[in-house]
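# Per-entry structural report
Residues per chain, in single letters:
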Amino acid sequence: MDFELSKAQADRFDSDGFLLVDRIVDDSAVDRAVARYEPLFRGEFETGVRPDEVNWQEGRDSPELARQICCGWKADRVIATVVFRADIGRACARLGGWPGARVHVDNVLWKPPGTRPLAFHQDSAYLGWIDPPEMISCWIALDDTTAEGGTLEHVRGSHHWARDSKPASHFHGPSDYRSAMEAAAKAEPVDPEVVPVVVPRGGGAFHHGWAWHGSGFNRSANPRRSLVVHCISSEARFSGDASNTGIAPIYRRYQRHGDLAMDENYFPILWTESGYRTAFLDDYMRQGLALAA
Ligand SMILES: O=C(O)CCC(=O)C(=O)O
């Protein structure tokens, strides 16, 4: 385990709702993950398993839109070599105040030059089907990021705003991508301070599930690729709320009948303070490293 948060970083996260970090993973991890982007978005799934959400596929979707896949780890063991890192789980658990962290989903994101925004939102607004509906995310830049390059943007202190937003009705590509956040800021009322995540490749940002975030047009000449590990508490369970909002229809398929426990085959535990980690992860990562070698 390499990445370790300092107390000062954790304190900054508590007050801002996000934390920028210059290095989370090394260059070899970045190179490995980037090499899988083209095949994944062509629909070539190394394990033979389709990711839970394929929001963009070559030949099917508009080249103007940002490319997104959720749960790339199920389709590609090389992607899993980053997503399943225990140090990322430990950092998310510490920031969440949890005894441990498990993966809810990953996001494989690719914004080529000229592509459109992703709407501002609060991640926890999508989690009514999880108890507790809390998330801490680790967003890893796979390219150096710039403010004009469509990088992720956070709003300082917005995790303290009202926790009543709804999942975005138009997530992929809206020109007015900040509008829901601006309405929420007006209701507070506060003047929102938007902070772009400008970091070298391998760096990134952690964010709180109630922090408002999104990203604008990629107006640069360079791609903006990133890999996000969205963690929930190792103790999280299904909430029993059968409403159909947000992403519940996709992920509640993994709930066993009459049982609120989250199955580690689909929501694996990365790290706990007692030393527990889901059994298949290390072998799965070893296989991914061998494939990438
Ligand atoms: O990378 C982006 O543009 C959006 C990422 C995001 O929404 C997230 O990490 O929660």
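The following paragraphs examine the structure supplied in this document. (Residues numbered from 1 in each chain as written. Predicted model: local features only at pLDDT ≥ 70, side-chain atom pairs only at ≥ 80, totals over all residues.)

Counting secondary structure elements, the chain contains nine helices and 14 strands. Its C-alpha atoms give the chain a radius of gyration of 18 Å, within 12% of the compact-globule value 19 Å for 293 residues. By its C-alpha atoms, the chain is 45 × 40 × 40 Å across when sized along the principal axes. For the chain, the residues scored as buried account for 49% of the 293 residues in total. (Helix = DSSP H or I, 4+ residues; strand = E, 2+ residues; numbered from the N terminus. Rg over C-alpha atoms; globule rule 2.2 N^0.38 Å. Buried ≥ 20, exposed ≤ 12 C-beta atoms within 10 Å, placed from the backbone.)

Proline 132 follows aspartate 131 through a cis peptide bond whose omega is 0 degrees. Counting through the fold element by element, proline 132 comes out in the loop between β6 (130–131) and β7 (136–141). Here the amide bond leading from glutamate 188 into proline 189 is cis, since omega sits at -5 degrees, within 30 degrees of zero. Turning to its location among the elements, proline 189 is positioned in the loop between α7 (179–187) and β9 (194–196).

On to the nonpolar core. Residues Cys92, Cys138, Ile140, Ala205 and Phe206 are the most contacted members of the largest nonpolar core, which totals 84 residues. Looking at which element gives the most residues to this core, the answer is strand β4 (residues 100–111), with six residues. Those residues in contact with alanine 205 that sit more than four places away from it in its chain are Phe18, Leu19, Leu20, Val21, Trp139, Leu152, His154 and Val197. (Core = buried A, V, L, I, M, F, W, Y, C linked by C-beta atoms within 7 Å. Contact = placed C-beta atoms within 7 Å.)

A separate point is the pairing of strand β10 (residues 204–208). Among the five residues that make up β10, five are buried, leaving the element largely enclosed by the rest of the structure. Side-chain alternation along β10 places Gly204, Phe206 and His208 on one buried face and Ala205 and His207 on a second face that is also buried. The pairing of strand β1 (residues 18–21) with β10 spans four bridges and is antiparallel. Within β10, the position partnered with phenylalanine 18 by the bridge is histidine 207. Where β7 and β10 come together, five bridges link them in antiparallel fashion. Paired with isoleucine 140 across the bridge in β10 is glycine 204. (Pairing = 2+ DSSP bridges.)

Moving on to helix α9 (residues 281–292). Note that an α-helix has 3.6 residues per turn; residues three or four places apart therefore point the same way. Taking 1.5 Å per residue as the helical rise, α9 with its twelve residues ought to reach 16 Å, and the 17 Å between its terminal C-alpha atoms agrees with that figure. For α9, the set of buried residues is Leu281, Met285 and Gly288. Down the axis of α9, the buried side of the element spans an arc of 55 degrees, and every buried residue falls inside it. Residues Asp282, Asp283, Arg286 and Ala290 are exposed on α9 and point more than 90 degrees away from its buried face. (Expected span 1.5 Å × (residues − 1). Arc of directions from axis to C-beta.)

The immediate surroundings of the ligand are formed by Asn107, Leu109, Leu118, Asp123, Ser137, Trp139, Leu152, His213, Ser215, Ser226 and Val228. Secondary structure elements with two or more residues in the shell around the ligand: β4, β7, β11 (213–215) and β12 (224–233). Its residues placed into classes, the shell around the ligand shows five nonpolar, five polar and one charged. (Near = placed C-beta within 6 Å. Nonpolar A, V, L, I, M, F, W, Y, C, P; charged D, E, K, R; others polar.)

Moving on: helix α2 (residues 27–34). Burial in α2 covers these residues: Ala29, Val30, Arg32 and Ala33. Seen along its axis, α2 keeps its buried residues to an arc of 165 degrees; they face one direction. Exposed side chains of α2 directed beyond 90 degrees from the buried face belong to Asp27 and Ser28.

Glancing now at the sheet that holds β11. Strand order in the open sheet formed by four strands is β5-β11-β8-β9, with antiparallel pairing between adjacent strands. At either end of the open sheet lies a strand with only one pairing partner, and these are β5 (118–121) and β9. This sheet shows a mean twist of 25 degrees between the axes of neighbouring strands, independent of strand direction. Where strand β8 (residues 152–155) and β11 come together, three bridges link them in antiparallel fashion. Its bridge partner being in β11, glutamate 153 is matched across the sheet by glycine 214. Here α7 sits on the sheet in contact with β5, β8 and β11, set at roughly 20 degrees to β5. (Axes fitted to C-alpha atoms, helices over the stretch in contact; angles between N-to-C directions.)

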